[in-house]
Amino acid sequence: MKRIFYLLSLSVLLAASACKTAKTTSGTNAKPNITGSTNLPQSYYDNARQTVAPATGLSVTTDPEYGVTQQKPICVGGKTDSGARNQQAYLNALRGPGGEEISYRRRGSCCAFKTPNGIIGGMGMLDVYEVTWAGSAKPLLLYLNFYDEGPLLAPVGLTLAKP
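- Labelled according to an unreviewed UniProt entry, the chain appears under the name 2-dehydro-3-deoxyphosphooctonate aldolase, originating from Hymenobacter metallilatus.

## What to know about the environment of P97
Step number 1: Its location among the elements puts P97 in the loop between β3 (94-95) and β4 (102-114).
Step number 2: In this structure P97 comes out as partly exposed when scored by relative accessible area, which is 46%.
Step number 3: As for P97 and T159, which are separated by 62 residues in sequence, their C-alpha atoms are 5.6 Å apart.
Step number 4: Apart from the residues lying within four places of it in its own chain, the contact partners of P97 are W133, G157, L158 and T159.

## Observations regarding the pattern of salt bridges
Step number 1: Taken as a whole, this structure holds six salt bridges when the rule is applied.
Step number 2: The partner of E101 in a salt bridge is R49, with the nearest N and O atoms 3.2 Å apart. Separated by 52 residues along the polypeptide, E101 in the loop between β3 and β4 and R49 in helix α2 (residues 42-51) bring together distant segments of the chain.
Step number 3: Classification of R49 as partly exposed rests on a relative accessible area of 23%.
Step number 4: The salt bridge partner of K72 is D63, with a shortest N-O separation of 2.9 Å.
Step number 5: For K72, a relative accessible area of 31% gives the class partly exposed.
Step number 6: Residue D63 is classed as partly exposed on the basis of its relative accessible area, which comes to 23%.
Step number 7: The network of salt bridges with common partners includes D46, R49 and E101.

## Comments concerning the environment of Y147
Step number 1: Among the secondary structure elements, Y147 is positioned in the loop between β6 (140-145) and β7 (153-154).
Step number 2: Overall, Y147 belongs to the buried group, its relative accessible area being 12%.
Step number 3: Residues Y147 and C75, spaced 72 residues apart in sequence, show a C-alpha to C-alpha distance of 7.4 Å.
Step number 4: Sequence-distant contacts of Y147, defined by excluding residues within four places in its chain, comprise G77, K79, F113, T115, N117, G118, I119, M123, G124 and M125.

About the criteria used
Along each chain, the written sequence defines residue order, and numbers are assigned to residues from 1. pLDDT decides what is reported in this predicted model: residues at 70 or higher carry local features, side-chain atom pairs at 80 or more are listed and counted, and totals for whole chains, interfaces and linings draw on all residues regardless. In computing side-chain values, all of the structure's heavy atoms are included and hydrogens and water are not. In this text, helices come from DSSP runs of H or I with a minimum length of four residues, and strands from runs of E with a minimum of two, each type numbered from the N-terminal end. Per-residue accessibility, obtained with a 1.4 Å probe over protein chains only, is compared with the maximum for each type, and a residue is labelled buried under 20%, exposed over 50%, and partly exposed between these values. The contact rule is simple, with two residues in contact once any of their heavy atoms fall within 4.5 Å. Salt bridges are identified by distance alone: a Lys or Arg side-chain nitrogen within 4 Å of an Asp or Glu carboxyl oxygen.

Below, the structure is given as structure tokens:
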């Protein structure tokens with residue numbers, strides 16, 4: 001039991017240092033100032049749900065801010081090489097509170113931050129995804145960072161796909 005607690009404590013510590021964003025924010029967490037948007041049709045995301053394998057090894061966080069605030073984004077890594085696929089694999093592993101299949105769509109980018117993995121001048125931007133599921137009252141906004149890697153966790157209130 002001590003070994004499991006030690007490993008969990010270590011992973012939380014590493015997560016905090018592996019995925020840090022700037023202290024500044026852009027807009028509010030509920031209404032971010034989105035600077036770039038995408039005009040991809042929903043069919044693109046629906047196809048990704050069918051063709052990109054879900055990420056594995058996820059667990060559910062207990063931090064109510066994880067993934068739903070600009071200050072604590074989900075760090076999927078990959079940059080321009082595999083960042084979009086990493087985002088899709090992560091999102092494909094999520095389910096609604098009752099295990100419902102989710103639907104997602106990238107709303108755009110926001111929230112510039114410094115990162116050693118930034119493409120231009122050590123800077124990165126968070127991608128904002130809108131997530132819905134059958135019975136959801138309103139879309140959930142998730143903030144994803146594809147520049148840095150960190151532990152992949154499901155935000156509070158969501159569940160995980162069964163392998």
